[in-house]
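So the chains spell out like this:
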Amino acid sequence: MRTVDEWKAALRAALKEAMRTRSPQASAVLRELLAAIDNAEAPDMRVAPTAVGDVFAGSAGGLGHGEVPRLALTPEAVQAVIDRELQERRDAVALYEKLGKQDEASAVKAQLDVLLAL
């Protein structure tokens, strides 16, 4: 199984190639997947330390306010994010086909194919 850094590197390389070949579907889905992984790494701000001292110019509420390290994902957590993105697209394809919207279904299928090729 790939490490988190290997996943991110592979996704960025695939995004670079998609942009080079001007593939809008591939570029969009790869950007969305990278954003989903970044969002999964976002810390819970409810556990952020409280500010120490007064507010100073240009700060966000005082020294140390909001400085929380990002979460370290496991390879399994990254795979879960990818699986969730795959399932969302499968559900969207099924819904579009049920509604008779073949153009939209084809567009989402193209995104699904990009994710399955990873």
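Up top you'll find the structure we're talking about.
Note that this is a predicted model, so its numbers are computed, not measured. (Residues numbered from 1 in each chain as written. Predicted model: local features only at pLDDT ≥ 70, side-chain atom pairs only at ≥ 80, totals over all residues. Heavy atoms only, no water.)

Undergrad: Which parts of the structure should I look at to understand the packing of helix α2 (residues 24–40) against helix α3 (residues 75–98)?
TA: Closest axis-to-axis distance for the α2/α3 pair is 10 Å, and the angle between their directions is 135 degrees. As judged from the angle between their axes, α2 and α3 are oblique. At the point where α2 passes α3, the crossing takes the right-handed sense. In this structure, α2 uses Val29, Glu32, Leu33, Ala36, Ile37 and Ala40 to contact α3, whose residues at the interface are Val78, Val81, Ile82, Glu85 and Arg89. Partitioning the contact of α2 with α3 into residue classes produces eight nonpolar, no polar and three charged. (Axes fitted to C-alpha atoms, helices over the stretch in contact; angles between N-to-C directions. Helix = DSSP H or I, 4+ residues; strand = E, 2+ residues; numbered from the N terminus. Parallel < 35°, antiparallel > 145°, perpendicular 65-115°, else oblique. Left-handed = near helix turned anticlockwise from the far one by under 90°. Contact = heavy atoms within 4.5 Å. Nonpolar A, V, L, I, M, F, W, Y, C, P; charged D, E, K, R; others polar.)

Undergrad: It is not clear to me how unusual backbone geometry should be interpreted in this structure. Could you clarify?
TA: Its identity as a non-glycine residue notwithstanding, Arg22 has a phi of 55 degrees, on the positive side. One can find Arg22 in the loop between α1 (4–20) and α2. Arg22 gets classed as exposed once you look at its relative accessible area, which sits at 74%. (Buried < 20%, exposed > 50% of the residue type's maximum accessible area, 1.4 Å probe, protein only.)

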